[in-house]
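Tertiary structure, described
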Amino acid sequence: MKRLVALALCAMMAIGLCACGDSAASGTGAADDAAAAVTAEAEAAVDDAAAEEGEEAAPAEVDESLIAADGINVCIASEPDNIDPALNSAVDGATLIIHTFAGIAKWEQADDGSFTIAPDCVKELVEGEENEDGSVKYTYTLLDDLKWSDGQPLTAGDFEFAWKRAADPDTASDYGYMFDQIVGYDEMTETKETGEVDEEGAPVVEYVNPDSELLQIKAVDDKTLEVTTKQRVPYWNELLAFPTYMPVRKDIVENEGWATDPSTYIGNGPYTMTAWQHNSVITMKKNENYHDAASVTMPAINFYMSDDANNMLTNFENGDWKLIDDVPTNEIAALKEEYPDEFVVEGQLGTYYVGWNVNEDILPADSGLEGKEAEDARAEIRNAISLLFDRNYIVNDIAQGGQTPASSFVSSGLTEADGKTDFSSKAGHNDGFAGYYNVSADALESNYAAAIEVLKKYYEFDEATQTVKNFPSLTYLYNTSEGHKAIGEYLQSALASVGITMNLENQEWNTFLNTRKAGNYSIARNGWLCDYNDPISMLDMWITDSGNNDCQLGKGAHKDVKAYSLDLTDLGYDTKVENGTWAETYDVIIADIKSCSDPEVRYELMHRAEDLLMSTGAICPLYYYTDLYMIDSSVKGFFSTPLGFKYFMYCTVEE
Amino acid sequence: MNPKTISYIIKRLILAVFTVWVVFTLTFFIMHAVPGGPFVGEKAISKAAQQALEAKYGLDKPLSTQYFTYLNDVVHLRFGPSLKQRGRMVIDIMADGLKTSAKLGVVAAVLALIIGVVLGAGAALRRNTILDRIIMVLTTAFVSMPSFIMGSLLLVVFAIKLKVLPANGAAAGGLILPIITLMLYPMAYITRLTRSSMLDVLGQDYIRTAKAKGVPAGKIIFGHALKNSLIPVITYFGPMLAYIVTGSLVVEQIFAVPGIGRAFVSSIINRDYMMIMGTTIVLATLIVVMNLVSDILYKVVDPRITLE
């Protein structure tokens with residue numbers, strides 16, 4: 001009897017385990033309805049898998065048979081969230097997409113290391129014809145015999161479909177705004193308030209005409225694509241090389257899970273995905289249907305996935321992975337020594353900065369200042385505080401990733417109209433140094449003295465200890481990470497030395513984003529990486545209604561502060577504002593930049609926009625980002641673009 | 001089987017369903033109360049786009065409506081789509097993770113049990129010898145060392161210094177180190193448990209009687225002593241499973257094992273509501289069921305225990 005009970009219990013346990021397994025397995029067969037009966041096929045597949053697993057001596061998660069033996073093994077990140085060209089917004093996803101799709105244009109690296117945009121699926125990147133209203137029509141002619149990886153012909157209609165789909169409000173892509181220069185975009189994304197409010201009391205908005213057919217994108221015939229932009233867009237060709245602009249085919253993407261399964265992930269690029277072992281490895285093999293397959297030298301790529309820098313380093317050191325895109329921060333110094341040739345520091349288009357909430361009153365309670373005077377005082381104080389930080393110490397001793405100390409918001413690496421001169425080298429209009437502060441090591445003392453002078457003006461100052469007395473205490477908000485914490489601690493100590501108390505508060509990532517966006521902070525860690533090589537990519541985020549306006553410029557109480565002046569009459573505009581609000585000045589200049597077609601004037605406008613932005617003191621840049629990676633010295637022909645997209649197709653591995 | 005046992009099992013099953021429901025409800029409301037959301041990113045999408053996405057996944061409805069809709073879905077085993085990995089279903093992601101985690105957990109549990117009982121019995125039978133001392137010192141070390149330290153240590157020695165095993169849990173043979181890391185604590189615990197309970201049993205009158213009657217030593221050990229000394233080990237079955245499930249969260253992170261534990265952690269960071277609920281329900285069900293089974297087994301091996 002006892003045995004029977006034991007047996008029954010064992011059976012129950014087994015059923016319990018199987019039940020879990022079954023409910024899980026049913027999903028693979030019938031993704032849309034998990035409750036549906038498991039299809040015979042799926043069941044068979046599960047059985048097969050189980051049988052295979054049983055035969056293995058050691059537990060092996062990766063099916064080695066799916067891995068390309070002749071491929072290069074690399075690791076750029078962990079499992080991507082999405083590799084649908086329209087939906088991806090991550091740099092690692094972009095790298096995967098440029099290997100499987102080919103757009104109108106592509107990035108190329110010249111022998112001298114400089115980057116150019118070259119035609120990919122088209123005969124040439126046309127200049128475009130200017131219409132009377134200033135809009136520009138581009139007519140592209142596709143190459144002959146373009147094919148998808150499944151052999152079907154690729155047409156201009158596929159581009160039209162893909163672009164409209166990516167920009168469509170229904171798709172709700174993070175990068176839908178990459179199409180905002182195309183005629184019809186503004187009309188399509190126009191919203192109105194419905195009059196209702198959501199649970200948090202914010203007004204509910206809805207689109208007026210969310211119809212992507214409004215976009216001026218048209219396939220005239222199978223080989224001709226016409227697109228009209230609102231005006232001449234200086235970075236238009238670069239947009240054409242951006243993953244969001246890659247073509248997709250209607251019948252493929254109608255299956256919602258198409259981008260998660262190699263069998264349905266059909267592209268037109270240099271590679272096709274042959275296997276995706278989730279969380280482990282994505283394998284790609286050369287696509288013989290790619291129009292320029294002859295120039296692709298690497299027969300296959302295995303993109304391993306890991307989110308642990310230590311783990312990546314281990315695999316790099318034992319030779320399994322030839323490139324890793326992340327290294328443990330505390331190993332950086334040692335790795336630079338040990339692997340001088342393999343350890344690469346590449347500039348990135350982005351800035352790490354400290355952002356103030358402009359609605360946080362930092363003046364002493366009895367200052368008696370109001371309106372413009374108070375705002376000017378706050379701006380002066382914030383800018384003074386920016387002078388207190390030793391950015392060389394931050395990059396050399398804390399961040400340690402080869403970053404450059406920042407003296408402007410627009411990142412180094414973004415160029416002037418000539419495409420060569422660094423935009424940041426002309427920022428700030430100062431003699432002897434570039435940017436809005438002198439961040440060289442020997443300017444430390446003079447910066448400090450200048451900052452003290454300003455603080456003395458507004459606060460009680462103790463000469464004996466050289467500290468201010470009545471500065472309201474601040475709280476520095478950052479997202480939980482050792483690196484951000486170390487920088488926060490340094491900022492805290494630098495402020496403490498002049499008598500300012502700054503507490504540190506860390507929040508988990510998602511909460512942090514929310515808090516910062518809502519403006520529920522006094523001062524916070526911030527950072528921005530560009531989407532394309534044009535300073536507007538960093539400047540337009542500070543307009544009043546921008547969703548990324550974390551400093552709350554022109555929002556809340558700051559909305560009515562009339563403290564800003566703008567005079568563009570010398571550039572041929574009739575804009576002349578004295579003591580205007582943020583919306584009357586900054587929003588105006590950004591709109592002017594967006595509609596400006598003269599490159600010289602446009603860049604001058606962008607410098608002035610940055611001047612205005614920096615005059616608020618709301619932004620305290622600390623350093624320009626860098627991309628660190630390690631690449632085995634046997635790999636030749638590899639390059640990484642300024643946006644961080646990594647190109648493996650032209651690689652060879654020397655034995 | 002006596003009716004009392006059956007009614008006990010039924011009672012416990014009802015309680016199990018209730019427990020999972022409580023966990024479900026708490027998680028659901030706490031998750032929505034936490035600031036942030038699945039569509040919040042470093043680069044903000046427009047308000048209208050965000051509202052469109054929320055409408056697509058039904059997140060624009062009142063929380064109570066969402067709760068009942070989702071509860072109904074879960075009862076019908078529909079876990080919905082992932083909010084972060086758009087295009088993939090939660091159940092597919094969980095299936096991928098669960099396959100790996102189950103392998104990791106089951107192998108670790110079985111090894112812990114076998115090695116633990118053998119070492120424990122060995123130590124008890126060779127009490128106060130060198131073997132006993134060595135086993136006791138080692139198990140003390142394993143019990144007191146947290147898994148993240150043990151994991152890192154094994155990683156450094158075997159993957160980095162000796163380079164005999166891969167550091168990546170997804171590579172061939174990559175589960176060996178995670179299994180060892182996960183197994184050591186319960187193994188050491190079981191060893192100590194078996195040893196003390198075996199010593200206790202060996203001192204009992206019926207063992208002395210058996211010896212006096214001339215029963216061969218082997219039969220005494222396997223037929224009488226070991227069997228009875230395993231009762232405490234069985235009671236440890238439930239806690240061990242809980243340890244393995246929670247421990248795997250850490251171990252999967254260290255060794256980059258693509259299991260359900262890692263999916264669980266990242267879903268929380270991403271506020272992937274569907275994924276959080278799916279993984280919570282699966283893990284909660286697993287623990288509740290295993291605890292129930294261990295309680296029932298307990299009764300089976302020791303008839304003196306009454307189930308009420």
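Residues numbered from 1 in each chain as written. Chains lettered and ligands numbered in written order. Predicted model: local features only at pLDDT ≥ 70, side-chain atom pairs only at ≥ 80, totals over all residues. Heavy atoms only, no water.

With that settled, consider the overall build of chain B. Summing up its helical and strand segments, chain B has 13 helices and zero strands in all. For chain B, the α and β elements follow one another from N to C terminus as α-α-α-α-α-α-α-α-α-α-α-α-α. Sequence-distant contacts, at least 24 apart, represent 74% of the contacts inside chain B between residues at least 6 apart. A total of about 13900 Å² of accessible surface is found on chain B, and carbon and sulfur atoms cover 71% of it. (Helix = DSSP H or I, 4+ residues; strand = E, 2+ residues; numbered from the N terminus. Contact = heavy atoms within 4.5 Å. Areas by Shrake-Rupley, 256 points an atom, 1.4 Å probe, with all protein chains shown as cover.)

Our focus in this paragraph is the overall build of chain A. Each helix and strand in chain A was counted, giving 17 helices and 27 strands. In terms of overall size, chain A behaves like a compact globule, its C-alpha atoms giving a radius of gyration of 28 Å where 655 residues would be expected to give roughly 26 Å. With the principal axes as the frame, chain A shows a C-alpha extent of 85 × 75 × 60 Å. The buried share of chain A, taken over its 655 residues, is 53%. Sequence-distant contacts in chain A: of pairs separated by 6 or more residues, those separated by 24 or more amount to 66%. As presented, chain A carries roughly 27000 Å² of accessible surface, and 47% of it is formed by carbon and sulfur atoms. Counting 41 positive and 117 negative side-chain charges, chain A places the centres of these two groups 3 Å from one another. (Rg over C-alpha atoms; globule rule 2.2 N^0.38 Å. Buried < 20%, exposed > 50% of the residue type's maximum accessible area, 1.4 Å probe, protein only. Lys, Arg positive; Asp, Glu negative; His and termini not counted. Charge placed at Lys NZ, Arg CZ, Asp CG, Glu CD.)

To continue, consider the confidence of the model for chain A. This prediction gives chain A a mean pLDDT of 86; 90% of its residues lie at or above 70. Predicted confidence for residues 1-60 of chain A stays below pLDDT 50, and this span has 51 contacts to residues more than four positions away or in other chains. (pLDDT = per-residue confidence, 0-100.)

Turning next to the side chain of A:Asp168. All names here are of chain A. Turning to its location among the elements, Asp168 is positioned in the loop between helix H4 (156-167) and helix H5 (185-188). Although Asp168 lies buried, it forms no salt bridge, and the closest oppositely charged side chain, Arg165, sits 8.8 Å away as judged by the N-O distance. Within the local environment of Asp168, its side chain forms a polar contact with the backbone nitrogen of Asp170, the two atoms lying 2.8 Å apart. When near neighbours in sequence (up to four residues on either side) are disregarded, Asp168 contacts Pro210 and Ser212. (Salt bridge = Lys/Arg side-chain N within 4 Å of Asp/Glu carboxyl O. Polar contact = N/O pair within 3.5 Å; in protein donor to acceptor, adjacent residues only side chain to side chain.)

So, about helix H11 (residues 391-399) of chain A. All names here are of chain A. By the burial criterion, the buried members of H11 are Arg391, Asn392, Ile394, Val395, Ile398 and Ala399. Contacts from the buried residues of H11 go to helix H9 (332-338), helix H10 (371-386), strand E15 (404-405), helix H13 (482-496) and strand E23 (619-631). For H11, the capping residue at the N-terminal end is Asp390, with a side-chain oxygen 3.1 Å from the backbone nitrogen of Asn392. Note on H11: the residue one or two positions beyond its end, Gln400, has a positive phi of about 60 degrees.

Residue and element names in this part refer to chain B. Closest axis-to-axis distance for the helix H1 (residues 3-33)/helix H3 (residues 63-75) pair is 11 Å, and the angle between their directions is 140 degrees. Taken together, the axis directions place H1 and H3 in an arrangement best described as oblique. H3 is crossed by H1, and the crossing has right-handed handedness. Residues Trp21, Phe24, Thr25, Phe28, Phe29 and His32 of H1 lie in contact with H3, whose contacting residues are Leu63, Gln66, Tyr67, Tyr70, Leu71 and Val74. Split by residue class, the contact of H1 with H3 holds nine nonpolar, three polar and no charged. (Axes fitted to C-alpha atoms, helices over the stretch in contact; angles between N-to-C directions. Parallel < 35°, antiparallel > 145°, perpendicular 65-115°, else oblique. Left-handed = near helix turned anticlockwise from the far one by under 90°. Nonpolar A, V, L, I, M, F, W, Y, C, P; charged D, E, K, R; others polar.)

Let us now look at the environment of B:Thr246. By secondary structure assignment, the location of B:Thr246 is in helix H11 (residues 237-254). Between the C-alpha atoms of B:Thr246 and B:Ile14, which are 232 residues apart in sequence, the distance is 24 Å.

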